[in-house]
Amino acid sequence: MNRNNKKETEERRIIKELSEDDVLSNPFEQFNVWFDEANQTEIVEPTAAILSTVGENNHPSARTILLKEVNEKGFVFYTNYESKKAKDIASNPNISLLFLWKEQQRQVRIVGQSEKISREESEKYFRTRPRESQIGAWASHQSSVIPDRKSLDNKFEEYRKKFGDKEIPLPDFWGGYVIIPNYFEFWQGRPGRLHDRICYKFEDQEWRIFRLAP
Ligand SMILES: Cc1cc2nc3c(=O)[nH]c(=O)nc-3n(C[C@H](O)[C@H](O)[C@H](O)COP(=O)(O)O)c2cc1C
């Protein structure tokens, strides 16, 4: 069997469908259904998503982040508040977040606005991080130019000694963002390239559901 035939056979075997009649009326709930299914499938990192921002010069910029929480407000991730992405968000809060769950032939596109979460919430999460990651947050001024690897290792060592056995505080320059969505697109791969694309747009205080051509 050549590669293309094998792929078509695999696609037919999956045959999942997504219909505007069956999706949940709240996109957060629909996301949670798919997210749970992704977590139950052998996907390497189902929480990984591509976060795209727009910089001051209007240039787009994309990178992977890990989703840490979905709550009634939005999608939470953690990062350095002085990083490139944080500077982009400060000048333009519009972002997009993209999940690819290839093994299920699924993709979720989210568009929304990003804002910082409270320091208390960030502290709560920071305390759950492994000690090495906490020290790493102090040692790395994310997205700034550094002379070499050694300087990073030295900084890590410096902070490791400084904190000793003490509790490591949350740096001022580190914390979470919540992405508040105004648009979702759920993409389900289907045979013959006739994929399902069901979208939700927040308009007049409610989620309007519609379908796009694949
Ligand atoms: C699988 C994976 C997960 C990542 N998760 C995060 C994350 O949750 N937060 C974060 O700040 N960077 C994370 N990174 C690193 C970012 O992709 C990026 O390199 C970093 O945040 C600097 O981005 P920036 O310079 O655009 O701000 C992750 C990278 C990978 C490959």
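Residues numbered from 1 in each chain as written. Predicted model: local features only at pLDDT ≥ 70, side-chain atom pairs only at ≥ 80, totals over all residues. Heavy atoms only, no water.

Asker: Sorry, what's going on with the overall build of the protein here?
Answerer: Helix and strand counts for the protein stand at six helices and nine strands. Its C-alpha atoms give the protein principal-axis dimensions of about 60 × 50 × 35 Å. Across the 214 residues that make up the protein, the buried fraction comes to 39%. Pairs at least 24 residues apart make up 65% of the contacts formed inside the protein by residues separated by at least 6 positions. For the protein, the exposed surface amounts to about 13,000 Å²; the carbon and sulfur share of it is 48%. Seen as two clouds, the 34 positive and the 35 negative side-chain charges of the protein have centres 6 Å apart. (Helix = DSSP H or I, 4+ residues; strand = E, 2+ residues; numbered from the N terminus. Buried < 20%, exposed > 50% of the residue type's maximum accessible area, 1.4 Å probe, protein only. Contact = heavy atoms within 4.5 Å. Areas by Shrake-Rupley, 256 points an atom, 1.4 Å probe, with all protein chains shown as cover. Lys, Arg positive; Asp, Glu negative; His and termini not counted. Charge placed at Lys NZ, Arg CZ, Asp CG, Glu CD.)

Asker: Even after reading the chapter, I still don't get the site of the ligand, so can you show me in this structure?
Answerer: Around the ligand, the structure places R63, T64, I65, L66, Y78, T79, S83, K84, K85, Q142 and S143. Q142 places a polar side-chain atom, nitrogen or oxygen, 3.1 Å from an oxygen atom of the ligand. Coverage of the ligand by the protein chains reaches 62% of its 620 Å² of free accessible surface. Counting residues per element, the ones that place at least two in the shell around the ligand are β2 (60–66), β4 (75–80) and α3 (84–91). Here the shell around the ligand gets four residues from one element, more than from any other, and that element is β2. Of the residues in the shell around the ligand, the class split is three nonpolar, five polar and three charged. (Near = heavy atom within 4 Å. Polar contact = N/O pair within 3.5 Å; in protein donor to acceptor, adjacent residues only side chain to side chain. Nonpolar A, V, L, I, M, F, W, Y, C, P; charged D, E, K, R; others polar.)

Asker: Can you walk me through the pattern of salt bridges in this structure?
Answerer: Side chains carrying opposite charge are able to pair once their charged atoms draw close together. Enumeration according to the criterion identifies 15 salt bridges in this entry. The shortest N-O distance in the salt bridge between R190 and E17 comes to 3.9 Å. Of the two residues, R190 sits in the loop between β7 (174–188) and β8 (196–203) while E17 sits in the loop between α1 (3–14) and α2 (27–40), which places them 173 residues apart along the sequence. Its relative accessible area of 21% is what places R190 among the partly exposed residues. Of the charged contacts, one joins K73 and E115 as a salt bridge, the two residues approaching to 2.7 Å between their closest N and O atoms. One end of the pair, K73, is in the loop between β3 (69–70) and β4; the other, E115, is in strand β6 (residues 106–116), with 42 residues separating them in the sequence. A relative accessible area of 40% means that K73 is categorised as partly exposed. With relative accessibility at 35%, the residue E115 sits in the partly exposed group. (Salt bridge = Lys/Arg side-chain N within 4 Å of Asp/Glu carboxyl O.)

Asker: Please explain the packing of helix α5 (residues 131–139) against helix α6 (residues 149–163) as it appears in this structure.
Answerer: Helices that pack against each other are described as a pair by the angle of their axes relative to one another and the distance between those axes. Where α5 contacts α6, the axes come no closer than 9 Å and their chain directions differ by 115°. Like other packed secondary-structure pairs, α5 and α6 cross with a definite hand, here right-handed. Facing R131, E132, I135, G136, W138 and A139 of α5, the residues of α6 in contact are L152, K155, F156, Y159, R160 and F163. Among the residues making up the contact of α5 with α6, the classes are represented as seven nonpolar, one polar and four charged. (Axes fitted to C-alpha atoms, helices over the stretch in contact; angles between N-to-C directions. Left-handed = near helix turned anticlockwise from the far one by under 90°.)

Asker: How do you make sense of the nonpolar core when you look at a structure like this?
Answerer: Note that soluble globular proteins tend to have their nonpolar side chains buried in a common cluster. One finds F31, F75, L97, F99, W101 and F184 to be the most contacted residues of the largest nonpolar core, which totals 30 residues. Those elements that provide at least two residues to this core are α2, β1 (48–54), β4, α3, β5 (94–101), β6, β7 and β8. The dominant element in this core, judged by the number of residues it contributes, is α2, at five residues. Formed by 16 residues, the second largest nonpolar core is a distinct cluster that contains Y78, Y125, A139 and Y159. (Core = buried A, V, L, I, M, F, W, Y, C linked by side-chain atoms within 4.5 Å.)

Asker: What is the right way to read the pairing of β8 from this model?
Answerer: Each regular strand shows side chains that alternate between the opposite faces of the sheet. In this sheet, β8 lies alongside β7 in antiparallel orientation, the contact comprising six bridges. Paired with Q188 across the strands is D196, a residue of β8. Pairing of β8 with strand β9 (residues 206–211), which is carried by six bridges, proceeds in the antiparallel orientation. In the strand pairing of β9, Y200 is matched with I209. Linking β8 back to β9 in an antiparallel pair, the connection comprises two residues, with D204 at a positive phi of about 50°. (Pairing = 2+ DSSP bridges.)

Asker: Got a minute to help me understand α3 in this structure?
Answerer: Owing to its 3.6 residues per turn, the α-helix aligns residues three or four sequence positions apart on the same side. Residues K85, A86, D88 and I89 constitute the buried set of α3. Buried residues in α3, looked at end-on, bunch into an arc of 160°, giving them a common side. Residues of α3 that are exposed and angled more than 90 degrees away from the buried face: K87 and A90. Its buried side turned inward, α3 meets β1, β2, β4, β5, β6 and β7. (Arc of directions from axis to C-beta.)

On their own, these measurements won't tell you what the molecule is for.
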